[in-house]
Amino acid sequence: MSFSFRQLRYFVAVSEIGSISGAARDLSVSQSTVTEAIKDLEADLGVVLLERHSRGMGLTHKGHAFLRHANRILAEVSYARGVFEDQVQVSGTLNVGVTSIVAGYALPDLLARYRRAFGATAVRVVEDAPEYLEHYLLSGELDVAILILSALSERGALNTAVMETSPFRAWLPNGHRLSGSAAVSREALLEERFILLNTDEIRLATAELWTAASRKPGMAMRTSSVEAVRSLVATGAGVSVLPDLVYRPWSLEGDRIDGVALAEPLPPVEVGLAWRRGAAVSEPARAFIDLALEQPSLQHR
């Protein structure tokens, strides 16, 4: 038996909500219906996708890997349903900017969908620091950029729209003394060696954690690589604080990382689009913005 789109929807709902009962309420079906769908999906794939823990249901290692595929399949099905509705032939060139921290997380699937939908459009992608992308937008060298919106210094000169809001969590090695906590305090983090993702957006955001503290954490390492942070935390070199945008509970080496909420939360990261205010938006750029937001009528700020 092959798995169904319904099973994928139920699996994604449980993954996002963290419980069978919550997913059942959200889907307006019975808990037994969701449970059976997940069991049938796991039987079809031959793997365990979800495991029960004290706070509800959590993804296994294979569950995390399959979630990316499930989301992609459902997005493609949704797009396929409307692909012939008001279809517009778009051609020309799209110039997109992206920062390094979002390049590997927000861009690949979006770019693949755009190229499939608007194959006649040439796409050029520029990766750079936020301040340079902002300059390129204002000078007309870029049509649109994807970045953490708090990094913009000239918000008044740009239109912006939020694609995703991502809260911060403490990253801890599996089995760490703080892993079982409902939330981790600033003072508890000060007792640990800290690993900093040394990009402008993250460095400035996490600095707010220590503004009210009497001291700053001992620094184990500064790195511009998310994967380096992941591996260092997983092997016990220190702890970190990063947005869920880049969270994955396994390092490349297969070691586990626990994510725990912050007792003194930081403002969540807003990943979004920016394009020059007052300038004509080209057809390729408008198609990209609409596809990224999947809400063509969204009111931009």
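To keep things clear, this report deals only with the structure shown in the data block. (Residues numbered from 1 in each chain as written. Predicted model: local features only at pLDDT ≥ 70, side-chain atom pairs only at ≥ 80, totals over all residues. Heavy atoms only, no water.)

Overview of the side chain of Ser251
Here is step 1: Along the chain, the position of Ser251 falls in the loop between β10 (240–243) and β11 (257–261).
Here is step 2: Classification of Ser251 by relative accessible area gives buried; the value is 5%. (Helix = DSSP H or I, 4+ residues; strand = E, 2+ residues; numbered from the N terminus. Buried < 20%, exposed > 50% of the residue type's maximum accessible area, 1.4 Å probe, protein only.)

Here's the deal with the pattern of salt bridges
Side chains that differ in charge, positive against negative, can pair when their charged atoms come close.
Here is step 1: Following the criterion strictly, the structure yields 8 salt bridges and no others.
Here is step 2: For Asp244, the salt bridge identified is with Arg169, shortest N-O distance 2.7 Å. With Asp244 in the loop between β10 and β11 and Arg169 in strand β7 (residues 168–173), this residue pair connects regions lying 75 residues apart in the sequence.
Here is step 3: The exposure class of Asp244 is partly exposed, given its relative accessible area of 28%.
Here is step 4: On the accessibility criterion, Arg169 (23% relative accessible area) is partly exposed.
Here is step 5: Here Arg177 makes a salt bridge to Glu192, at a shortest N to O gap of 2.8 Å. Here Glu192 lies in the loop between α8 (186–190) and β8 (193–197) and Arg177 lies in the loop between β7 and α8, a separation of 15 residues in the sequence.
Here is step 6: Judged by relative accessible area, which is 55%, Arg177 ranks as exposed.
Here is step 7: Overall, the relative accessible area of 16% leaves Glu192 in the buried class.
Here is step 8: Each member of the salt-bridge network shares a partner with another, and the members are Glu227, Arg230 and Arg248. (Salt bridge = Lys/Arg side-chain N within 4 Å of Asp/Glu carboxyl O.)

Focus on the nonpolar core
Here is step 1: Among the nonpolar cores identified, the biggest contains 60 residues, and Val102, Ile146, Leu189, Leu273 and Phe288 are the most heavily contacted of them.
Here is step 2: Tallying contributions element by element places helix α11 (residues 283–293) first for this core, with 7 residues.
Here is step 3: Residues contacting Val102, with those up to four places away along its chain left out, are Leu107, Ile146, Leu147, Ile148, Leu245 and Val271.
Here is step 4: In this structure, Leu8, Ile20, Val34 and Leu67 belong to the second largest nonpolar core, which totals 20 residues. (Core = buried A, V, L, I, M, F, W, Y, C linked by side-chain atoms within 4.5 Å. Contact = heavy atoms within 4.5 Å.)

Side note on the packing of aromatic side chains
Here is step 1: One pass over the full model with this rule turns up 6 aromatic pairs.
Here is step 2: With a centroid separation of 5.6 Å and 85° between ring planes, the pair formed by Phe194 and Trp210 is classed as edge-to-face. Of this pair, Phe194 sits in strand β8 while Trp210 sits in the loop between α9 (200–207) and β9 (218–223); the two residues are 16 residues apart in sequence, bridging distant segments of the chain.
Here is step 3: Among the aromatic side chains, those forming a connected cluster through ring pairs are Phe3, Phe11 and Phe66. (Phe/Tyr/Trp six-rings, centres within 6.5 Å; stacked < 30°, edge-to-face > 60°.)

Some remarks on the side chain of Glu134
Here is step 1: By the secondary structure assignment, Glu134 is in helix α7 (residues 130–139).
Here is step 2: Since its relative accessible area comes to 4%, Glu134 is described here as buried.
Here is step 3: Engagement of the side chain of Glu134 in a polar contact is seen with the backbone nitrogen of Glu154, the distance being 2.4 Å.
Here is step 4: Beyond its immediate stretch of four places on either side in the chain, Glu134 contacts Ala151, Leu152, Ser153, Glu154, Arg155 and Leu158. (Polar contact = N/O pair within 3.5 Å; in protein donor to acceptor, adjacent residues only side chain to side chain.)

Considerations on the pairing of β11
Here is step 1: Of all 5 residues that make up β11, 4 are buried, and the element is covered over most of its length.
Here is step 2: Here 5 bridges tie β7 to β11, and the two strands are oriented antiparallel to one another. Counterpart to Trp171 in the pairing with β11 is Gly259. (Pairing = 2+ DSSP bridges.)

Observations concerning helix α6 (residues 108–117)
Here is step 1: Here α6 has its buried residues at Leu110, Leu111, Arg113 and Tyr114. Down the axis, α6 shows its buried residues gathered within 160° of arc, on one side only. (Arc of directions from axis to C-beta.)

Structural notes on the environment of Ala122
Here is step 1: Position of Ala122 relative to the elements: it lies in strand β4 (residues 121–127).
Here is step 2: Taking the C-alpha atoms as reference points, Ala122 and Asn95, separated by 27 residues in sequence, lie 8.6 Å from one another.
Here is step 3: Ignoring any residue separated from it by four or fewer positions in sequence, one finds Ala122 in contact with Gly92, Thr93 and Leu94.

From the geometry alone we can't say anything about function, so treat these as descriptive.
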